[in-house]
Amino acid sequence: MPLTAHPPSTDRPAIVPKATDPLLIDGVALDSRFFLGTAGYPSPATLCDAIRAAGSQVLTVGLKRTLQAGDNGALTQAFAVGREQGARLLPNTAGCRSAREAVQLAHMARELYGTAWIKLEVIGDDHTLQPDPFELVAAATELVREGFVVFPYCTEDLIVGRRLLDAGCPLLMPWGAPIGSGQGLLNLHGLRTLRERLPDTVLVIDAGLGAPSQAARAMELGFDAVLLNSAVAQAGDPVAMAGAFGDAVRAGRRAFHAGLMAPQAFAVASTPVSGHAFLLGDA
Amino acid sequence: MTALPSITVRLDDRTVAMPAGATLAHLLERERREAAAVATALNGRFVPRDARADTALNDGDVVLFFQPIVGG
């Protein structure tokens, strides 16, 4: 049977079937394990269709100073679509370089968006946008104390992860690769280690994913969800790509539950014949 | 006749003159900003919506307004 292309994005995206194993965060059961960013789409309409196609129930949003340019109404429209599918908003602290800045911005986000959920970003390097672990832990500690539910954007560093959990974060969001780079899961060993050493912690791969196959890989490894933005927003057809990522996340999750076979160093015949080809015996 | 005393504050990237004794709530009114549409910071510290009317501005203060935006 020939493969068929993804439906054109001009059609209304199909209803995405719900997963069978909801993700529980802060007492909230999420049917979708695909968190989606709302920035950088070609138009507000494309953003809305991408949200529908993704079926996402966590949408990241930001804050900006009022002197900067607006978003052409994208956010207002995205809110409406998000509500239709039971989405929750996850404001971020993008642009913050210190714990102090991040804490102040988080308070503003809570007031404006009416949610205590905060994606905590504290950047330590402008080139890699790598999180500053020391400021991150300091900010998380203070925000948890002030009643926030902190989703920390972090690296795959196990010890930093533990400190963030000790601070009261209910989950970790390690990067796959630098933000917006689309490089996928760069440090597989580190990510596997994090998964193995924190088996009961919700782990969300945040940042760096560029292709649905990478999202599927993350889910196959046992990560609980993925968060991405650029890979969808910058795709040639963002709506189709949102659907493709949704499929990949569900497939990867099912594969994880099904249990991947153990890799072998050598070939292992799958057809149960004897050791010799029976038509070419030397008898 | 003496002029009413005034102060200047930095709002985002510009200077705004306000009468002495003005509050953060007065600045929002002057800028025609809906109170619920922006979050406010004074000298780098968040000022909650319900504290704006009691937050007096001083000469040289730096005020920032923030609003929701798309984000990743």
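Residues numbered from 1 in each chain as written. Chains lettered and ligands numbered in written order. Predicted model: local features only at pLDDT ≥ 70, side-chain atom pairs only at ≥ 80, totals over all residues.

**Concerning the overall build of chain A**
For clarity, the cut-off: Here a helix means four or more residues in a row that DSSP labels H or I, a strand means two or more in a row labelled E, and each is numbered from the N terminus. Think of it as a crowd count around each C-beta: if 20 or more other C-beta atoms lie within 10 Å the residue is buried, if 12 or fewer it is exposed, and in between it is partly exposed, with C-beta placed from the backbone throughout. This entry defines residue contacts through backbone-placed C-beta atoms, with two residues in contact when those atoms are within 7 Å.
For chain A, the helix and strand inventory stands at nine helices and ten strands. Buried positions account for 47% of the 283 residues belonging to chain A. When contacts within chain A are restricted to residue pairs at least 6 apart in sequence, long-range pairs at least 24 apart make up 67% of them.

**A look at the overall build of chain B**
Looking only at helices and strands, one finds one helix and five strands in chain B. Each helix and strand of chain B, ordered N terminal to C terminal, gives the series β-β-α-β-β-β. Projected onto the principal axes, the alpha-carbon positions of chain B cover approximately 55 × 25 × 20 Å. When contacts within chain B are restricted to residue pairs at least 6 apart in sequence, long-range pairs at least 24 apart make up 53% of them.

**Things to note about the interface of chain A and chain B**
For clarity, the threshold we go by: For this classification, Asp, Glu, Lys and Arg are treated as charged, while Ala, Val, Leu, Ile, Met, Phe, Trp, Tyr, Cys and Pro are nonpolar and the rest, including Gly, are polar. We call two strands paired when DSSP finds no fewer than two bridges between them.
At the junction of the two partners, chain A supplies 24 residues and chain B supplies 19 residues. Across the side of chain A that touches chain B, the residue classes tally to ten nonpolar, ten polar and four charged. With five bridges joining them, strand β4 (residues 58–65) of chain A and strand β5 (residues 62–70) of chain B adopt antiparallel strand pairing. Bridging across to β5 of chain B, Leu63 of chain A finds its partner in Pro68 of chain B.

**Digging into the environment of Asp200 of chain A**
Among the secondary structure elements, Asp200 of chain A is positioned in the loop between α6 (188–197) and β9 (202–206). Put simply, Asp200 of chain A and Leu75 of chain A are 125 residues apart on the chain and 34 Å apart in space, counted from C-alpha to C-alpha.

**Brief notes about the confidence of the model for chain A**
The condition that has to hold: For every residue, the pLDDT score states the predictor's confidence, bounded by 0 at the bottom and 100 at the top.
Here chain A averages 91 in pLDDT, while 88% of its residues score no lower than 70. Counted against residues more than four places away or in other chains, residues 1–10 of chain A, with its pLDDT under 50, gives seven contacts.

**Digging into the confidence of the model for chain B**
Looking at chain B, pLDDT values average 94 and 96% of them are 70 or higher. Quick note on the complex model: pTM equals 0.89, ipTM equals 0.93.

**Quick look at the pairing of strand β2 (residues 14–19) of chain B**
Counting buried positions along β2 of chain B yields zero of six residues, so the element is predominantly exposed. Counting the residues in the hairpin turn of strand β1 (residues 6–11) of chain B and β2 of chain B gives two residues, including Asp12 of chain B, whose phi is positive at 50°.

**Focus on helix α2 (residues 74–84) of chain A**
Put simply, the test is: Arc definition: directions from the helix axis to the C-beta atoms.
All of the buried residues along α2 of chain A are Ala74, Leu75, Ala78 and Gly82 of chain A. Down the axis of α2 of chain A, the sector holding all buried residues measures 80°, keeping them to one side. Exposed residues pointing more than 90 degrees away from the buried face of α2 of chain A are listed as Thr76, Ala80, Arg83 and Glu84 of chain A. On its buried face, α2 of chain A is in contact with α1 (44–54) and β4 of chain A together with β5 of chain B. Note on α2 of chain A: the residue one or two positions beyond its end, Gly86 of chain A, has a positive phi of about 70°.

**Brief notes about the nonpolar core**
Our working rule: Think of a nonpolar core as buried Ala, Val, Leu, Ile, Met, Phe, Trp, Tyr and Cys residues, each tied to the set through C-beta atoms within 7 Å.
Core analysis: the biggest nonpolar cluster contains 103 residues, and Leu120, Val204, Val226, Val232 and Phe245 of chain A have the highest contact counts within it. Discounting chain neighbours no more than four positions away, the residues touching Val226 of chain A are Phe34, Phe35, Val204, Ile205, Leu209, Ala215, Ala218 and Val249 of chain A.

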